[in-house]
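For reference, the chains in residue letters:
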Amino acid sequence: MQRISRTCSLLFISGSLFASVAQAAPVALVKDGETAYGYSLEADQLVPYTVQRGMAVIDDIVLGTHANIQRHGIPSLRVRPWTSKQEVQTRDVVPFDNHIGTSSRWPNNTLYYSLEEASDAAATAFRAAIRHLESNTNVRFEERTDQTNYVRVISDAPRECSSFVGMQGGAQDLSLGEGCETMGIAAHEILHALGWAHEQSRADRDRFVTINMSNVQADKVTNFMLSQGGDPIGAYDFDSIMHYRSSAFAINTAIPTILPIDPNIQLSRLGQRNGLSAGDRASVNHFYPRLNTDLGLSLNTQQLVINKNGRGMATIDLAAKQRNLVQLTATTSNNRLINNSGIQFTHLKGNQYQLTVKPSAEMTGQAELTVQATDQFGQVVRKKLALTVLR
Ligand SMILES: [Zn+2]
C-alpha cells in the first residue's frame with residue numbers, strides 16, 4: 001500500500017476549475033473579506049483566496065501577505081527540513097530567493113512562541129495545546145525571549161483561527177480569535193505551524209473519501225484542493241486532528257461534503273479536535289525525531305561548496321536554556337585546506353550564529369568540519385559540515 005505523508009503542498013487543483021479567471025485583481029482593489037486570485041506556480045493557474053487584514057488566506061491557512069502573493073505568486077506549501085543538503089556559494093551562483101517553498105520545519109525541534117498579544121483565553125488554550133503536544137511528541141515549545149524565528153499568538157479577530165504552514169522565518173502570526181480558544185483548535189493550528197497541511201488535502205485522499213462538491217459552498221471549493229507529492233509515511237487518517245469534519249463547508253449540513261468510501265468509518269470520527277491521533281503522533285515524531293539532549297545545535301546546510309580563495313557561510317541555530325554559557329568550537333579533518341584560524345563564529349541575532357569558513361590561500365579540495373556546542377553542564381552536540389573548495 002502506498003503511504004504518503006501529510007507534509008505536502010495544498011495547491012494542486014485537478015482539472016481547470018479556476019482557469020477561466022483571466023487576470024488577478026489589482027492589489028489595492030481587494031478589501032478585507034473579499035476574494036482575490038493568486039497565480040500558483042505549482043498548479044500553473046490562478047487560485048482564489050480570501051483577504052483577511054492584508055493576508056491571503058485559504059480556510060485557516062495563511063499563504064502570505066496579499067501584496068506579496070500578487071507580486072510573486074502563491075508559494076509552494078511544501079515544507080522542507082531547515083538543514084539543506086548543499087549550499088553552493090561559488091562566484092557564478094547568484095543568491096536566489098523566488099519565494100517558492102520557503103517554509104521549513106523548526107530547527108532543534110523547538111518552536112518559540114510569544115503570547116504577549118494573545119487574549120487570556122487564547123493563551124490558556126495555547127498552553128494546554130503545547131502541554132498536549134509535548135507529552136505526545138518530540139517537539140519542544142519555549143516562550144520567546146530574543147529568538148529569531150517564532151510564532152506570535154494573536155486574538156484580535158473573532159472566529160479567526162489560522163496559521164501559516166511551517167516555519168516562515170522571523171515572526172509569524174497564529175490567530176486564536178474569539179471562538180477558537182480550545183485546546184484542540186490550538187493544537188490544530190500549531191500543527192500547521194509545525195508543517196502539516198490538512199489530512200483530506202493528501203494526494204491519495206480520493207482513494208479514501210469522496211468529496212461531494214455539489215454540496216460545497218461555491219466560495220469554499222478551494223478548501224478541498226488536493227496536495228501533490230509527499231514523503232513516504234502514514235496511512236490516511238480519518239481520526240487526524242488535521243482532518244475536516246464530514247459536513248465541512250456544506251450548503252446543506254444534513255448531507256456530508258466528505259464521505260468515507262469505507263462504509264464502516266463513522267462520520268463522527270471525522271474532524272475531531274480532542275487531541276492527536278496515533279497517526280498524528282507517528283507523523284510528527286517522524287519529522288521531528290527524538291533529541292538526546294536539551295542542548296540543540298543545527299546547521300542550515302550539510303555541505304558548502306565554494307571557490308578557491310573564496311569564503312563560505314552557514315547559519316547556526318542554537319537551542320539552549322543559557323545560551324551565553326554555550327561554547328561553539330570546530331575541528332577540521334584537513335588542516336592543509338583549512339585550519340582553525342580559517343573558521344570563525346559570529347553572533348547574528350537572537351539564537352542564530354554565523355559560521356564563516358576561509359580556506360588557506362590557493363588551496364582546493366575537501367574537508368570535513370565538525371562543529372561542536374558545549375554547555376555549562378558538559379553536554380555536547382556535534383554537527384558535521386562537508387566543505388568543498390573548487391578551482
Ligand atoms: Zn487547518
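From a predicted model like this one, the values you see are computed outputs, not experimental measurements. Residue numbering note: each chain is counted from 1, following its sequence as written. Local features in this predicted model are restricted to residues of pLDDT 70 or higher, and side-chain atom pairs are both shown and tallied only at a pLDDT of 80 or more, whereas totals for entire chains, interfaces and linings draw on every residue. Just so you know, side-chain values use all the structure's heavy atoms and leave hydrogens and water out.

Draft legend 1. View of helix α4 (residues 278-287). For α4, the set of buried residues is Asp280, Ser283, Val284 and Phe287. Buried residues of α4, viewed axially, fall in a sector of 95°; they line one side. Looking at the packing, one finds that the buried side of α4 touches α3 (183-194). Summary of the burial criterion: residues with accessible area below 20% of their type's maximum are buried, those above 50% are exposed, and those between are partly exposed, where the area comes from a 1.4 Å probe applied to protein chains only. A run of H or I in DSSP becomes a helix once it reaches four residues, and a run of E becomes a strand once it reaches two; helices and strands are each numbered from the N terminus. Think of the arc as the fan of directions from the helix axis to the C-beta atoms. We call two residues contacting when some pair of their heavy atoms lies within 4.5 Å.

Draft legend 2. View of the sheet that holds strand β16 (residues 303-307). Here the rule is simple: two strands pair whenever DSSP picks up at least two bridges between them. With mixed pairing, five strands are arranged side by side in an open sheet as β6-β16-β22-β21-β18. Two strands in the sheet have a free side with no partner beyond their single neighbour: β6 (87-88) and β18 (327-332). Sheet topology note: the β16/strand β22 (residues 380-390) ladder contains five bridges and is parallel. Bridge pairing in β22 links Gln303 to Ala386.

Draft legend 3. Seen up close, the side chain of Asp317. Here Asp317 shows up in strand β17 (residues 312-319). An unpaired buried charge is present at Asp317: no salt bridge exists, and Arg323, the closest side chain of opposite charge, is 8.3 Å distant. Under the rule applied, a polar contact is a pair of N or O atoms within 3.5 Å (in protein, one hydrogen donor and one hydrogen acceptor; residues adjacent in sequence only if both atoms are side-chain atoms). A polar atom in the side chain of Asp317 sits 3.4 Å from the side chain of Asn351. Within the structure, Asp317 has its side chain in polar contact with the side chain of Gln352 (distance 3.5 Å). Those residues in contact with Asp317, other than ones at most four positions away along the chain, are Trp82, Pro107, Asn108, Gly296, Leu297, Ser298, Asn351 and Gln352. For the charge count, each Lys or Arg is scored as positive and each Asp or Glu as negative, with His and the chain ends excluded. Whenever a carboxyl oxygen of Asp or Glu lies within 4 Å of a side-chain nitrogen of Lys or Arg, that contact is scored as a salt bridge.

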